[in-house]
Amino acid sequence: MQGQLRKMCTQLDNPVQYELPLSDQTVALNPLIGKPLKLTYTGRIFCVHCGRQTKKSFNQGYCYPCFTTLAQCDMCIMKPETCHYEAGTCREPVWADEFCFQPHIVYLANSSGIKVGITRQNQIPTRWIDQGAVQALPIFKVQSRYISGLIEVAIARYVSDKTSWQQMLKNHAEPVDLAAKRDELIAVCKAELANIAERFGQQAIEVLTHEQVVAIHYPVDNYPVKVKSFNFDKQPEVAGVLHGIKGQYLMLDTGVINIRKFTGYEVEFTAP
């Protein structure tokens with residue numbers, strides 16, 4: 001089977017169900033746990049937006065022209081607090097209206113330890129699974145991506161806003177009382193949160209005090225002790241026994257590969 005990689009599709013279950021998209025085909029991966037598989041990079045990369053062939057991938061799947069012109073590739077997507085929509089300099093205001101000005105969730109998650117993050121409301125629980133979180137809890141619902149970014153920055157003074165992917169893959173996250181941590185963070189960020197609410201209106205921020213912690217389990221039969229990552233640009237063939245899937249990583253007995261990093265790469269997939 002041959003096609004262009006996309007990030008793995010997921011469904012929250014016990015464990016999470018994974019499918020690997022290859023152009024217009026998909027491969028169910030959970031039944032392959034404990035079995036050998038091989039991914040062979042053909043040397044061709046295609047932009048996930050315009051479809052043109054490109055020598056190099058930017059921002060997980062874009063050609064350079066798309067990377068430099070699309071709003072979805074702008075720095076404010078990674079750092080929403082830098083949004084410049086109001087300044088009139090957004091690359092694609094119509095796209096921003098549909099993407100950025102819709103409900104967003106600020107959440108706490110436990111992947112390599114406790115972290116704060118943001119996502120569109122309709123990306124829950126996908127965002128948590130993609131990060132390899134074993135626990136997650138929504139703590140705020142807000143009206144825009146920009147507001148969620150401001151809250152994230154305030155909370156990130158006290159907890160991390162990043163995941164250590166190596167520790168996540170080693171499954172070193174100890175259980176955390178996320179509800180207690182939510183209450184603690186709301187208390188210490190009271191002044192910053194009040195300023196944001198005063199600026200945008202009380203209706204722009206909803207504190208989520210009745211949400212339940214979501215526990216997430218992954219299809220893994222053996223976690224790696226040491227993490228060796230594969231890179232298609234240096235090694236076109238990745239092969240081994242599939243021991244697990246977590247986040248967007250395939251964990252083989254020979255190493256791990258981040259499927260999302262190689263979005264748009266054309267590969268040949270083989271399995272018994």
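You'll find the structure just up there.
One structure accompanies this document, and this report is about it. Computed from a predicted model, the values in this text were never measured in an experiment.

Attention now moves to the packing of helix 7 (residues 178-188) against helix 8 (residues 190-200). Two elements in contact, helix 7 and helix 8, have axes separated by 4 Å at closest approach and are oriented at 70°. Comparing their axes, helix 8 and helix 7 come out roughly perpendicular. On helix 8, the residues that touch Ile-186, Ala-187 and Val-188 of helix 7 are Lys-190, Glu-192 and Leu-193. Taken together, the residues that form the contact of helix 7 with helix 8 break down as four nonpolar, no polar and two charged.

Per the stated rule, a full pass over the model turns up 13 aromatic pairs. Three or more aromatic residues joined by ring pairs form one cluster here, namely Tyr-41, Phe-232, Phe-262 and Tyr-265.

This brings us to helix 7. Taken residue by residue, helix 7 has Leu-178, Arg-182 and Leu-185 as its buried positions. Burial along helix 7 is one-sided: seen end-on, the buried residues are contained in an arc of 70°. Buried residues belonging to helix 7 abut strand 7 (104-110), strand 8 (114-120), strand 9 (135-142) and helix 5 (145-155). N-cap assignment for helix 7: the residue whose side-chain oxygen lies 3.4 Å from the backbone N of Ala-179 is Asp-177.

This next bit is on the packing of helix 5 against helix 8. Where helix 5 contacts helix 8, the axes come no closer than 10 Å and their chain directions differ by 165°. Regarding the angle of helix 5 to helix 8, the classification is roughly antiparallel. Seen along the crossing, helix 5 lies across helix 8 with a hand that is right-handed. In contact with Tyr-146, Ile-147, Leu-150, Ile-151 and Ala-154 of helix 5, helix 8 contributes Glu-192, Leu-193, Ile-196, Arg-199 and Phe-200. Residues that form the contact of helix 5 with helix 8 fall into these classes: eight nonpolar, no polar and two charged.

Our next topic: the environment of Val-27. Tracing the backbone through its elements, the reader meets Val-27 in strand 4 (residues 25-28). Linking Val-27 and Phe-269, residues 242 residues apart in sequence, is a C-alpha distance of 9.1 Å. For Val-27, the contacting residues outside a window of four places in its chain are Met-1, Tyr-18, Glu-19, Leu-20, Leu-22, Leu-32 and Phe-269.

Attention now goes to the environment of Leu-169. Looking at the element boundaries, Leu-169 is found in helix 6 (residues 165-170). Using a relative accessible area of 0% as the deciding quantity, one classes Leu-169 as buried. Remark: the alpha-carbon pair of Leu-169 and Val-227, spanning 58 residues in sequence, is separated by 7.6 Å. Other than its neighbours up to four places away in sequence, Leu-169 contacts Tyr-223, Pro-224, Val-227, Lys-246, Tyr-249, Met-251 and Val-256.

Next up on the list: the side chain of Asn-231. When you line up the elements, Asn-231 lands in the loop between strand 11 (214-215) and strand 12 (237-246). Relative accessible area serves as the criterion here: at 19%, Asn-231 is assigned to the buried category. Looking at Asn-231, its side chain comes within polar contact range of the main-chain nitrogen of Asp-233, at 2.8 Å. Once you skip the residues sitting within four places of it in the chain, Asn-231 turns out to touch Lys-261 and Phe-262.

As defined by bridge partners, strand 5 (residues 36-46) adjoins strand 12 across five bridges and the pair is classed as antiparallel. Bridged to Thr-40 within strand 12 is Glu-237. Where strand 12 meets strand 13 (residues 249-252), four bridges bridge the pair, whose relative direction is antiparallel. Within strand 13, the residue paired with Gly-244 across the bridge is Met-251. In textbook terms, the turn of a hairpin is the stretch between consecutive antiparallel strands, and for strand 12 and strand 13 this stretch comprises two residues, one of which, Gly-247, has a positive phi near 60°.

Moving on, we get to the pairing of strand 3 (residues 17-22). Summarising the sheet, strand 2 (residues 9-11) and strand 3 pair through three bridges and their orientation is antiparallel. Within the sheet, the bridge partner assigned to Cys-9 lies in strand 3 and is Glu-19. The loop that links strand 2 with its antiparallel partner strand 3 comprises five residues. In terms of strand pairing, strand 3 meets strand 4 through four bridges, oriented antiparallel. Within strand 4, the position partnered with Leu-20 by the bridge is Val-27. Turn length for the strand 3-strand 4 hairpin, with the two strands adjacent in sequence and antiparallel, is two residues, and the turn residue Ser-23 shows positive phi of about 55°.

Parameters and conventions
- Residues numbered from 1 in each chain as written.
- Predicted model: local features only at pLDDT ≥ 70, side-chain atom pairs only at ≥ 80, totals over all residues.
- Heavy atoms only, no water.
- Axes fitted to C-alpha atoms, helices over the stretch in contact; angles between N-to-C directions.
- Helix = DSSP H or I, 4+ residues; strand = E, 2+ residues; numbered from the N terminus.
- Parallel < 35°, antiparallel > 145°, perpendicular 65-115°, else oblique.
- Contact = heavy atoms within 4.5 Å.
- Nonpolar A, V, L, I, M, F, W, Y, C, P; charged D, E, K, R; others polar.
- Phe/Tyr/Trp six-rings, centres within 6.5 Å; stacked < 30°, edge-to-face > 60°.
- Buried < 20%, exposed > 50% of the residue type's maximum accessible area, 1.4 Å probe, protein only.
- Arc of directions from axis to C-beta.
- Polar contact = N/O pair within 3.5 Å; in protein donor to acceptor, adjacent residues only side chain to side chain.
- Left-handed = near helix turned anticlockwise from the far one by under 90°.
- Pairing = 2+ DSSP bridges.

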